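Survey of secondary and tertiary structure
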Amino acid sequence: MKQPKVIFLDAVGTLFGVKGSVGKAYANIAGQFGVEVSETAIDAAFFKSFAAAPPPIFPGVKLEDIPNYEFEWWQMVALETFQQVGAVNQFADFSKFFEQLYSHFATAKPWLLYDDVIPTLKSWQKRNIELGIISNFDSRLYLVLESLHIIDFFTSITISTEVSAAKPNKQIFTDSLNKHNCQAADAWHIGDSFKEDYQGARAAGIKAILIKRH
């Protein structure tokens with residue numbers, strides 16, 4: 001295959017994943033607030049709430065206001081998660097709990113960087129391939145990438161909340177290509193979601209590669 005000018009990568013599930021499970025992280029922090037919940041039940045409730053929530057995009061919102069909208073969006077998901085398991089009323093102050101939970105996921109603590117990531121990024125860098133990230137995560141991604149010591153590999157980072165378009169929407173891929181002055185035919189995209197990453201990239205004319213992590 002012809003070497004691409006740019007390789008775009010998804011973030012969560014491609015470069016790094018949650019240690020253990022989302023439910024475990026949520027339950028551990030809830031425990032610090034005196035609330036005991038089942039990790040398994042919270043994990044199932046989270047993914048149900050996450051799937052039911054509207055896309056985290058905020059058209060017309062000023063760039064400096066986006067973090068506040070992201071915070072409120074995730075708080076809605078967390079509140080619905082704990083409502084599903086009947087634990088919301090156990091919190092003396094749910095807002096204080098959520099602030100700590102939200103900050104936790106902006107650090108390296110809950111994340112596992114996959115072993116093959118840094119060697120592969122270094123290899124592509126040596127081949128003078130430009131690297132970018134296309135993610136439906138939020139602006140905490142910059143802090144996570146920095147704390148995992150991989151942010152300097154990427155010349156572009158495009159997240160859904162900042163461009164008001166989430167994968168598989170073609171716009172987020174087009175915006176990413178424009179940052180590199182690159183034609184779709186000269187780019188690859190690697191991600192773990194068949195719909196968002198593989199089908200989304202292909203629809204935008206980018207060579208799509210699906211990666212399956214454990």
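Residues numbered from 1 in each chain as written. Predicted model: local features only at pLDDT ≥ 70, side-chain atom pairs only at ≥ 80, totals over all residues. Heavy atoms only, no water.

**As for the sheet that holds strand β4 (residues 130–135)**
Strand pairing in a sheet relies on backbone hydrogen bonds, with the paired strands running either antiparallel or parallel. Read from one edge to the other, the open sheet built from five strands follows the order β5-β4-β1-β6-β7, with strand pairing classed as parallel. At either end of the open sheet lies a strand with only one pairing partner, and these are β5 (156–159) and β7 (207–210). Averaged over neighbouring strand pairs, the angle between their axes works out to 20° when direction is ignored. When β4 meets β5, the two strands line up parallel, connected through four bridges. Across the sheet, residue Gly 132 finds its bridge partner in β5, namely Ser 156. (Pairing = 2+ DSSP bridges. Helix = DSSP H or I, 4+ residues; strand = E, 2+ residues; numbered from the N terminus. Axes fitted to C-alpha atoms, helices over the stretch in contact; angles between N-to-C directions.)

**So, the packing of aromatic side chains**
Within this structure, the stated rule accounts for 24 aromatic pairs. Residues Phe 82 and Phe 97 carry aromatic rings whose centres are separated by 5.3 Å and whose planes lie at 85° to one another, so their mutual orientation is edge-to-face. Of this pair, Phe 82 sits in helix α3 (residues 66–84) while Phe 97 sits in helix α4 (residues 94–104); the two residues are 15 residues apart in sequence, bridging distant segments of the chain. Of the two residues, Phe 82 and Phe 97, neither departs from the other in class, the shared state being buried. Measuring from centroid to centroid gives 5.4 Å for Phe 194 and Tyr 198, while their planes differ by 15°, and the two rings are stacked. Remark: Tyr 198 and Phe 194 occur in helix α9 (residues 194–203); sequence separation between them is four residues, near one turn of the helix. Across from the ring centre of Tyr 102, 3.7 Å away, lies the NZ or CZ of Arg 140, which sits over that ring. (Phe/Tyr/Trp six-rings, centres within 6.5 Å; stacked < 30°, edge-to-face > 60°. Buried < 20%, exposed > 50% of the residue type's maximum accessible area, 1.4 Å probe, protein only. Lys NZ or Arg CZ within 6 Å of the ring centre and 35° of its normal.)

**Things to note about the layout of surface pockets**
Using a probe with the size of a water molecule, rolled over the atoms, empty space left in the structure can be pinpointed. Taken as a whole, the largest pocket spans an internal volume of roughly 1,000 Å³. Lining the largest pocket are 41 residues, with Val 12, Phe 46, Phe 47, Phe 50 and Trp 74 positioned closest to its centre. At the level of elements, β2 (16–18), α1 (22–32), α2 (39–52), α3, α4 and α9 are the ones that each hand at least two residues to the lining of the largest pocket. For the lining of the largest pocket, the element with the highest residue contribution is α2, accounting for five residues. The class makeup of the residues in the lining of the second largest pocket is three nonpolar, two polar and one charged. (1 Å grid on protein atoms, 1.4 Å probe; cavity = no way out; pocket = protein on both sides within 12 Å on 5 of 7 lines; lining within 4 Å. Points joined across faces, edges and corners; volume = space filled by probe spheres on them. Nonpolar A, V, L, I, M, F, W, Y, C, P; charged D, E, K, R; others polar.)

**Some words on α2**
Three or four residues apart is the spacing at which side chains of an α-helix point the same way, because the helix has 3.6 residues per turn. Between the first and last C-alpha of α2 there are 20 Å, a value that for 14 residues agrees with the 20 Å anticipated at 1.5 Å per step. Turning to α2, its buried residues are Ile 42, Ala 45, Phe 46 and Ser 49. Down the axis of α2, the smallest arc covering the buried residues is 110°, so these residues share one side. Residues Thr 40, Lys 48 and Ala 51 are exposed on α2 and point more than 90 degrees away from its buried face. Close packing links the buried residues of α2 with α1 and α3. If you check the start of α2, you find a side-chain oxygen 3.3 Å away from the backbone N of Thr 40, and it comes from Ser 38. (Expected span 1.5 Å × (residues − 1). Arc of directions from axis to C-beta. Contact = heavy atoms within 4.5 Å. Polar contact = N/O pair within 3.5 Å; in protein donor to acceptor, adjacent residues only side chain to side chain.)

**Some words on the packing of α1 against α2**
Running from amino to carboxyl end, α1 crosses α2 at an angle of 115°, the nearest separation of the two axes being 7 Å. Like other packed secondary-structure pairs, α1 and α2 cross with a definite hand, here right-handed. Residues Val 22, Gly 23, Lys 24, Tyr 26, Ala 27 and Asn 28 of α1 form the contact with α2, whose participating residues are Glu 39, Ile 42, Asp 43, Phe 46 and Phe 47. Residue composition of the contact of α1 with α2, grouped by class: six nonpolar, two polar and three charged. (Left-handed = near helix turned anticlockwise from the far one by under 90°.)

**Let's talk about the nonpolar core**
If you look at the biggest cluster of nonpolar residues, it comprises 52 residues, and the most contacted ones within it are Phe 16, Tyr 26, Phe 82, Leu 141 and Phe 154. Among the elements that take part in this core, α1 stands out by supplying six residues, more than any other. In this structure Leu 141 touches Ala 11, Phe 16, Ile 133, Ser 135, Ile 157 and Ile 159, once residues within four positions along its chain are discounted. In this structure, Ile 134, Val 163, Ile 172 and Ala 201 belong to the second largest nonpolar core, which totals 15 residues. (Core = buried A, V, L, I, M, F, W, Y, C linked by side-chain atoms within 4.5 Å.)

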